[in-house]
Amino acid sequence: MKRFLSTKNKVTQIILWGIVIVMTALLVNGLLIGDMPLLPVLILGLSIGIIIWILLDTRYVIKTQFLLYRSGPFRGRIDITKIKKIKLHSGLFVPVSMKPALDTNGFIITYNQYDDVFVSPSNSSIFLEELKKINPNIEIKMD
C-alpha cells in the first residue's frame, strides 16, 4: 500500500484558511451576542469543520489494484486496470467534476468509458510509476 498526500497550493491554502477564520469570527460573534438562531450556528459549524477536514485530509492510496482518493468527506475508488489515460494539467480551471486536490497542478486521470478525476499527488513520478506497475497500458501525456 502506497500513500501520497496532495500537494498544496499556497493561494488555495490562504483562501481556505481565510474563509475558516472569517466564518469562525462570525460564529463566535453571533454566539457572544446571543441572538444567533440554531440553524446558522449548525451551518457555520459544519462548514468550518468540512473545510478544515479537507485541508488536513486530502490523500491518495494505491492498494492492490485500486487507487483510493479522499478529500475530507469526499471519497472514491478507481480500478487502476480501467485507467486509460493520465494527463498533466496546470491551471486554475480544471475540466473535471471531481477534484480531490489542493493544488492547481496535477493529473487528470481518465478511466472507464468517460469518467475522470483530478489529483495532485506529492512525489508525482513515484505515483505514476506505481500506477504503471499495475497497468502498463496507461497512456501518460506530459504536455
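Above: the structure in question.
The rules behind these values
- Residues numbered from 1 in each chain as written.
- Predicted model: local features only at pLDDT ≥ 70, side-chain atom pairs only at ≥ 80, totals over all residues.
- Heavy atoms only, no water.
- Helix = DSSP H or I, 4+ residues; strand = E, 2+ residues; numbered from the N terminus.
- Expected span 1.5 Å × (residues − 1).
- Buried < 20%, exposed > 50% of the residue type's maximum accessible area, 1.4 Å probe, protein only.
- Contact = heavy atoms within 4.5 Å.
- Polar contact = N/O pair within 3.5 Å; in protein donor to acceptor, adjacent residues only side chain to side chain.
- Salt bridge = Lys/Arg side-chain N within 4 Å of Asp/Glu carboxyl O.

Caption draft 1: Inspection of helix H1 (residues 10–33) at higher detail. Taking 1.5 Å as the rise per residue, H1 with 24 residues should run 34 Å; its terminal C-alpha atoms sit 34 Å apart, in good agreement. Of all the residues in H1, the buried ones are Val20, Met23, Leu27 and Gly30. Those residues of H1 hidden inside the fold are in contact with helix H2 (38–56). Of the residues flanking the start of H1, the one acting as N-cap is asparagine 9, its side-chain oxygen 2.7 Å from the backbone nitrogen of valine 11. Once H1 ends, the next one or two residues include glycine 34, with phi positive near 90°.

Caption draft 2: Molecular detail of the pattern of salt bridges. Counted by the stated rule, this structure contains 4 salt bridges. Across the pair arginine 70 and aspartate 57 runs a salt bridge whose closest N-O atoms are separated by 3.1 Å. Separated by 13 residues along the polypeptide, arginine 70 in strand S3 (residues 66–71) and aspartate 57 in the loop between H2 and strand S2 (58–63) bring together distant segments of the chain. We note a salt bridge from glutamate 130 to lysine 133, for which the minimum N-O separation is 3.1 Å. Here lysine 133 and glutamate 130 lie together in helix H3 (residues 124–134), a separation of 3 residues that amounts to about one turn. Taking relative accessible area as the criterion, glutamate 130 reaches 12% and is therefore assigned buried. Residues participating in the shared-partner salt-bridge network are Asp57, Arg59 and Arg70.

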